[in-house]
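Take a look at the letters that make up each chain.
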Amino acid sequence: MRMSANRIKAWLVLIPCIVVVFYFIWGFAAYTAYLSVTKSTFLPDHEFIGTANYRVLFDHHRWWVAYSNMFIFGGLYLAGCLALGIGLAILLDRLTGSETLFRTIYLYPMSLSLIVTGLAWQWILNPTIGIQKLVRDAGYPDFKFNWVSSPDHAILTVAFAAIWHGTGLIMILFLSGIKSVDPEIWKASRIDRIPAWRVYFNIILPQLRATLLTAVMLLGFQVVRSFDVVVALTDGGPGYASDVPARYVFEYFFERGRIGQGSAAAVVMVVTMIAIVLPYLYFEVRRKEA
Amino acid sequence: MRHYAHRTALLYGALFVCALYFLSPLYVMLVASFKTLAEVRGSSIISLPEVWTIQPWIKAWSEACSGLECNGIRPYFIATFEIAIPAVAFSVLLGALNGYVMAKWRSRSADLIFTLLLVGSFVPLQLYLIPLAITLRELNIYGTTAGLILIHTVYGIPLTTMLFRNFYVALPDELVRAAIMDGAGFFKIFFSVILPLSPAIAIVAVILVFSGIYNDFLFALTFGETGKRPIMAAVQNIVASSYGIKEYNVNIAAVMISALPTLLLFLVAGRFFVRGLTQGALKG
């Protein structure tokens, strides 16, 4: 069959896009997966060594710290953004006056980079110039607040800063969801004298499962790719107490010259992501069809 | 009635407390960047300055040191725009063309490419770093402005394609059919029928892609040219690498300046941000 001139032009136009998809995205991902089973150190090396990089990785205490930090950080980040974001969406929905000012205030962090976010919070939390110093100067010389430099708490401060950055988007998603719910519900609930908070939690929010799915996915991908905010806030420290996989991969690629091992870590990141996302998606899609 | 007033006060109280949490970093940075170093070191960065000074802003702009270079953040600021402007132009134009083909010249293979593009946009960027380094070396543009323009064009395409495709799908197919009847070809239809309908989505795409490139750290850090690194990598480096006495006020002013472009963009065009992000979010 002969293609029309227009169809041929359509394909020609798509060439850059095809290069991006098959070379820069999927080709690169596959190449990194391949490097994870090679002996690559400072430069890519094509000697096949099977699962050796993975075994080194899984024996590495530092990797497990980074890997479990991803879950601690991720759990807090999701819980924080969702609770605060949904809470603010409900509060703004209750507001009878203009919501523009408050909405702008809750949303603006989203326009800032995670580097700016991390650095700003690092100064506020810094014991020698931030909150600790302020409270001590105010007449409480024994006050102690050094979470940012404490091995047990540093990852919590990272979550705290990231929540500050991510809440606005969740709020705006849920606010538009809440506003799209049939207003008849409010009339009916007033007649039945159902309190407003019960309308939100028992009637409106359960209808917003699709919004929740979107929000969880968006936040989840943020968790896996978190790098900037950690570098800016704690740089993985003290020691490697607040390291995360994305930072581990970067360091093993470019600072330690262990490309094979770094690639193995990157592959584990992706596999973890798929292992969490697929069942959730499957469950939600099944639910929708049922 | 009194019960009602009580509730409104509570509502505003809660909104106000949350507003303080969200505003506090901005407040601290503004206040601290107008203090003298002696005052920052003598008191916390949080209290109001006794003497206001603009010196930290001037020093951050033109004198602060990143490694051995002490030209402030100005060169990095300019370098970032040199990368962002062409990359935004390329990825938005390519995204519009891709979106046009995928929405109005649909075929099974075009749909497949779109799916692969979307799913691929969720791959963590770390997986691209080593192959990217190899590719840029081969092309002889490793650590150059051209290299970063290429990177940001390439990885901007999934977002721009998605935005334009979803926008064009909603345009009636009759527009294209009528134009074909009139004898218009593929490009004629794009430039004289489709493109004139696109300003709204193009603004959204430009704002989102620009902010993404401006705020990028990973690629900037990995592939930036020493002395001409993009702004976020430069600012992070300035803050992390100040030797001797840490000039907190200058560092904070540098971060504040680096935050201004996207912050102002948000304040001026916030509704486009929101539209883009919620549309972007709803795709998956």
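Residues numbered from 1 in each chain as written. Chains lettered and ligands numbered in written order. Predicted model: local features only at pLDDT ≥ 70, side-chain atom pairs only at ≥ 80, totals over all residues. Heavy atoms only, no water.

Novice: Even after reading the chapter, I still don't get the domain arrangement of chain B, so can you show me in this structure?
Specialist: The figure often quoted for interface size is the accessible area lost as the parts come together. Residue and element names in this part refer to chain B. On domain assignment, one finds that chain B holds domain 1 (2-53) and domain 2 (74-278). Between the C-alpha centres of domain 1 and domain 2 the distance comes to 34 Å. In this assembly, 11 residues from domain 1 lie in contact with 10 residues from domain 2. The junction of domain 1 with domain 2 conceals about 840 Å² of combined surface from both sides, 80% of it contributed by carbon and sulfur atoms. For the domain 1 face of the interface with domain 2, the top three residues by lost area are Met-29, Ser-33 and Leu-37, together amounting to 52%. Our enumeration of links across domain 1 and domain 2 arrives at 0 salt bridges. One can count 1 residue pair in polar contact (both at pLDDT 80 or more) joining domain 1 with domain 2. (Domains from an automatic or database assignment. Contact = heavy atoms within 4.5 Å. Buried area = accessible area lost by both parts, 1.4 Å probe. Salt bridge = Lys/Arg side-chain N within 4 Å of Asp/Glu carboxyl O. Polar contact = N/O pair within 3.5 Å; in protein donor to acceptor, adjacent residues only side chain to side chain.)

Novice: What is the right way to read the interface of chain B and chain A from this model?
Specialist: Counting residues at the interface gives 86 residues for chain B and 84 residues for chain A. When the two sides are added together, the surface that chain B and chain A hide from each other amounts to roughly 7,700 Å², 81% of it contributed by carbon and sulfur. The tally of links between chain B and chain A comes to 0 salt bridges. Here chain B and chain A share 15 residue pairs in polar contact (both at pLDDT 80 or more) between them. Classifying every residue of the side of chain B that touches chain A gives 64 nonpolar, 20 polar and 2 charged. (Nonpolar A, V, L, I, M, F, W, Y, C, P; charged D, E, K, R; others polar.)

Novice: Would you take a moment to explain the nonpolar core for this structure?
Specialist: Generally speaking, soluble globular proteins have nonpolar side chains that are buried together. If you look at the biggest cluster of nonpolar residues, it comprises 197 residues, and the most contacted ones within it are Tyr-106 of chain A together with Tyr-155 of chain B. For this core, the domains that each give at least three residues are domain 1 (2-53) and domain 2 (74-278) of chain B. Beyond its immediate sequence surroundings of up to four residues, Tyr-155 of chain B is in contact with Phe-24, Ile-25 and Phe-28 of chain A together with Tyr-128, Leu-132 and Phe-219 of chain B. (Core = buried A, V, L, I, M, F, W, Y, C linked by side-chain atoms within 4.5 Å. Buried < 20%, exposed > 50% of the residue type's maximum accessible area, 1.4 Å probe, protein only.)

Novice: Sorry, what's going on with unusual backbone geometry here?
Specialist: Residues and elements named next belong to chain A. Omega for the bond connecting Gly-237 with Pro-238 falls within 30 degrees of zero, at 0°, which places this linkage in the cis form. Along the chain, the position of Pro-238 falls in the loop between α11 (228-233) and α12 (245-254). Positive phi outside glycine occurs at Arg-193, with the angle close to 55°. Relative to the elements of secondary structure, Arg-193 occurs in the loop between α8 (184-191) and α9 (196-204). (Helix = DSSP H or I, 4+ residues; strand = E, 2+ residues; numbered from the N terminus.)

Novice: Explain the pattern of salt bridges here, please?
Specialist: Pairs can form between side chains of opposite charge whenever their charged atoms are close. Residue and element names in this part refer to chain A. Under the defined criterion, the tally for this structure stands at 16 salt bridges over all chains. Between Arg-247 and Asp-235 there is a salt bridge whose closest N-O contact spans 3.2 Å. Here Asp-235 lies in the loop between α11 and α12 and Arg-247 lies in helix α12, a separation of 12 residues in the sequence. Asp-235 sits in the partly exposed class, given a relative accessible area of 41%. The salt bridge partner of Arg-247 is Asp-243, with a shortest N-O separation of 3.1 Å.

Novice: Explain the side chain of Glu-251 of chain A here, please?
Specialist: Tracing the chain through its elements places Glu-251 of chain A in helix α12. Polar side-chain contacts of Glu-251 of chain A include one of 3.0 Å to the side chain of Arg-62 of chain A.

Novice: Explain the side chain of Thr-211 of chain A to me, please; I cannot follow it from the model alone.
Specialist: Residues and elements named next belong to chain A. Tracing the sequence through the fold places Thr-211 in helix α10 (residues 209-225). Residue classification places Thr-211 among the buried positions, given a relative accessible area of 14%. Sequence-distant contacts of Thr-211, that is, excluding residues within four places in its chain, are made with Leu-173 and Phe-174.

Novice: In this structure, what is going on with the confidence of the model for chain B? I would like to understand it.
Specialist: Close reading of the predicted structure is inappropriate where its pLDDT is low. Mean pLDDT over chain B: 89, with 96% of residues reaching 70 or higher. ipTM for the predicted complex: 0.92, alongside a pTM of 0.93. (pLDDT = per-residue confidence, 0-100.)

Novice: Any chance you could explain a nonpolar patch on the surface here in plain terms?
Specialist: All names here are of chain A. On the surface, Ile-8, Leu-12, Ile-15, Val-19 and Tyr-23 cluster together to form a nonpolar patch covering roughly 430 Å² of accessible area. Turning to its location among the elements, Ile-15 is positioned in helix α1 (residues 5-35). By relative accessible area, which is 43% here, Ile-15 ends up partly exposed. (Patch = residues over 30% accessible without salt bridge, like charges linked within 9 Å, V, L, I, M, F, W, Y side chains within 5 Å. Areas by Shrake-Rupley, 256 points an atom, 1.4 Å probe, with all protein chains shown as cover.)

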